[in-house]
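Residues per chain are reported as follows:
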Amino acid sequence: MDDARHLVASARKLLILTGAGVSAESGVPTFRGPDGLWKRYKPEELATPQAFQADPRLVWEWYGFRRERVGACRPNPAHEAIARLTLENEDARLVTQNVDGLHELALEEAVTEGLCSETSVSRAAPIRLHGSLFWTRCTGCDHRTLDRHPVDAKSEASLPRCPKCAALLRPDVVWFGEGLDPEILKRAMEAAETAEVCLVVGTSALVHPAASLPLLTKESGGVVVEVNTESTPLTDVAMFSLRGRAGQILPRLLTVESEP
Ligand code: BV8
Ligand code: ZN
């Protein structure tokens with residue numbers, strides 16, 4: 001842990017890549033963990049354009065359930081440690097695969113606690129590779145809104161529709177088989193290529209292109225540090241792979257005690 005801590009602390013350009021594991025201790029079910037199923041469906045079956053095309057009501061029911069469940073969750077010490085670090089180190093970048101908005105909430109709370117200014121929050125805001133549960137976008141035009149309301153998915157008739165063109169609205173997330181926003185992916189890849197250290201927290205490293213970002217850091221001469229309760233395909237790539245829970249490890253890993 002000490003070696004990993006000094007490595008992370010000495011890195012000016014740091015990329016932090018998070019997955020569902022960073023939110024596990026906040027009570028958000030991970031994708032491939034024991035509580036990853038909903039009713040009898042796997043995420044890969046529902047988080048697709050085909051599923052939405054075939055049964056928009058079922059897909060909205062799942063997202064409505066997740067929006068409500070995640071809406072009640074709080075950032076945990078891992079989110080808070082990451083928020084503090086990205087606020088303090090302007091060369092640190094956070095890229096997340098998560099759609100739960102908990103990194104953003106941890107930043108907002110840092111502002112209300114007077115820990116930082118609004119300007120540093122926008123710089124420290126996460127690069128969100130896969131969108132957000134709390135944004136909705138139109139299937140027929142460019143309309144996009146922040147939407148934290150419960151979803152009435154009782155019938156297809158009650159599903160949310162666009163106020164501009166009346167087409168069906170959809171969750172503003174990236175589904176399997178859909179391309180990521182090219183601008184967002186470009187920013188994430190640039191952060192990965194220039195990072196001296198890529199700290200990967202709580203991801204099974206199965207979903208691409210997100211899982212290839214740490215490899216980009218390594219190929220560009222940087223090193224990978226992993227925090228996960230289990231080993232992953234990135235474990236062999238990492239210089240350090242810290243086994244344990246993000247909420248326990250990150251506060252110790254990211255808080256550089258002032259040298260005695
Ligand atoms: C693309 C948003 C091309 C939605 C998500 C075959 C057919 C079709 C596609 C493919 C295919 N084979 C490969 C692909 C590509 C596919 C892919 O990678 N599939 C995988 C499953 C094989 N990728 C895509 O489709 C991507 N798009 O490639 O498009 C293209 C290009 C141009 C033009 C057109 C098309 C899009 C992928 C994005 C999918 N959307 N989410 C939603 O959320 O509803 S991905 C989804 O998985 C989440 O975002 C999640 O973040 C992500 C990754 O999962 P993890 O975050 O890693 O979570 P997981 O549960 O897996 O792991 C948790 C980890 O935490 C575990 O390791 C666990 O040990 C650890 N942990 C648990 N507790 C803790 C902990 N660690 C620390 N502390 C703890 N307490
Ligand atoms: Zn519209």
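Given the structure is predicted, the values throughout are model-derived calculations rather than measurements.

Residue-level account of the pattern of salt bridges, with values.
Taken as a whole and assessed by the stated rule, the structure comprises 14 salt bridges. Between Arg74 and Glu109 there is a salt bridge, and its shortest N-O distance comes to 2.1 Å. Placement of the pair is Arg74 in the loop between α4 (56-71) and α5 (77-88) and Glu109 in helix α6 (residues 102-112), with a sequence separation of 35 residues. Relative accessible area serves as the criterion here: at 48%, Arg74 is assigned to the partly exposed category.

I'd love a proper account of the layout of surface pockets, names of residues and values included.
In this structure, the second largest pocket spans a volume of roughly 320 Å³. Taken together, 17 residues make up the lining of the second largest pocket; nearest its centre are Gly131, Arg144, Asp172, Asp181 and Ile184. At the level of secondary structure, the elements contributing two or more residues to the lining of the second largest pocket comprise β4 (131-138) and β6 (169-173). The element contributing the most residues to the lining of the second largest pocket is β4, with 4 residues. Shared between two domains, the lining of the second largest pocket takes at least three residues from each, and those domains are domain 1 (2-28 + 77-130 + 182-253) and domain 2 (43-72 + 132-173).

I'd like to hear about the coordination of the zinc ion (ligand 2), residue by residue, with values.
Summarising the metal site, the zinc ion (ligand 2) is bound by the protein donors Cys138 (SG), Cys141 (SG), Cys162 (SG) and Cys165 (SG), whose distances to it range over 2.3 Å. Considering all 4 donor atoms around the zinc ion (ligand 2), the spread of angles at the metal, 98 to 121 degrees, places the coordination shape in the tetrahedral class. Going along the chain, you hit the donors of the zinc ion (ligand 2) in the pattern C-x2-C-x20-C-x2-C. Taken as a pair, Cys138 in strand β4 and Cys162 in the loop between β5 (144-146) and β6 lie far apart in primary sequence, 24 residues in all. Neither Cys138 nor Cys162 differs from the other in exposure class; each is buried.

Residue-level account of the packing of α5 against helix α10 (residues 246-254), with values.
The geometry of α5 relative to α10 is characterised by a closest axis approach of 7 Å and an angle of 25 degrees between their N-to-C directions. Between α5 and α10, the crossing angle belongs to the class labelled roughly parallel. In the crossing of α5 with α10, the sense of the turn from one axis to the other is left-handed. Counting all contacts with α5, which are made through Pro77, Ala78, Ala81, Ile82 and Leu85, the residues of α10 involved are Ala246, Gly247, Leu250, Pro251 and Leu254. The residue makeup of the contact of α5 with α10, split by class, is 9 nonpolar, 1 polar and no charged.

I'd like a description of the sheet that holds β6, backed by residues and values.
Taken in spatial order, the 3 strands make up an open sheet running β5-β4-β6, and their pairing is antiparallel. Single-partner strands in this sheet number two, and they are β5 and β6. For this sheet the average axis-to-axis angle between neighbouring strands, irrespective of direction, equals 40 degrees. The sheet contact formed by β4 and β6 spans 4 bridges and is antiparallel. The partner of Gly131 across the bridge, within β6, is Val173. This element, α4, spans β4 and β6 of the sheet and lies at about 140 degrees to β4.

Describe the domain arrangement of the protein chain, naming the residues involved and giving the relevant values.
Taken domain by domain, the protein chain comprises domain 1 (2-28 + 77-130 + 182-253) and domain 2 (43-72 + 132-173). Its C-alpha centre places domain 1 at a distance of 28 Å from the equivalent point of domain 2. The interface is formed by 6 residues belonging to domain 1 together with 9 residues belonging to domain 2. Around 600 Å² of area is buried between domain 1 and domain 2 when both sides are counted, 56% of it from carbon and sulfur atoms. Linking domain 1 with domain 2 are 0 salt bridges. The tally of links from domain 1 across to domain 2 stands at 2 residue pairs in polar contact (both at pLDDT 80 or more). Among the residues making up the side of domain 1 that touches domain 2, the classes are represented as 2 nonpolar, 2 polar and 2 charged.

Thresholds, definitions, all that
- Residues numbered from 1 in each chain as written.
- Chains lettered and ligands numbered in written order.
- Predicted model: local features only at pLDDT ≥ 70, side-chain atom pairs only at ≥ 80, totals over all residues.
- Heavy atoms only, no water.
- Salt bridge = Lys/Arg side-chain N within 4 Å of Asp/Glu carboxyl O.
- Helix = DSSP H or I, 4+ residues; strand = E, 2+ residues; numbered from the N terminus.
- Buried < 20%, exposed > 50% of the residue type's maximum accessible area, 1.4 Å probe, protein only.
- 1 Å grid on protein atoms, 1.4 Å probe; cavity = no way out; pocket = protein on both sides within 12 Å on 5 of 7 lines; lining within 4 Å.
- Points joined across faces, edges and corners; volume = space filled by probe spheres on them.
- Domains from an automatic or database assignment.
- Donors = N, O, S within 2.8 Å, 3.2 Å for Na, K, Ca; no water.
- Tetrahedral: all angles 85-135°; square planar, octahedral: opposite > 155°, others 65-115°.
- Axes fitted to C-alpha atoms, helices over the stretch in contact; angles between N-to-C directions.
- Parallel < 35°, antiparallel > 145°, perpendicular 65-115°, else oblique.
- Left-handed = near helix turned anticlockwise from the far one by under 90°.
- Contact = heavy atoms within 4.5 Å.
- Nonpolar A, V, L, I, M, F, W, Y, C, P; charged D, E, K, R; others polar.
- Pairing = 2+ DSSP bridges.
- Buried area = accessible area lost by both parts, 1.4 Å probe.
- Polar contact = N/O pair within 3.5 Å; in protein donor to acceptor, adjacent residues only side chain to side chain.

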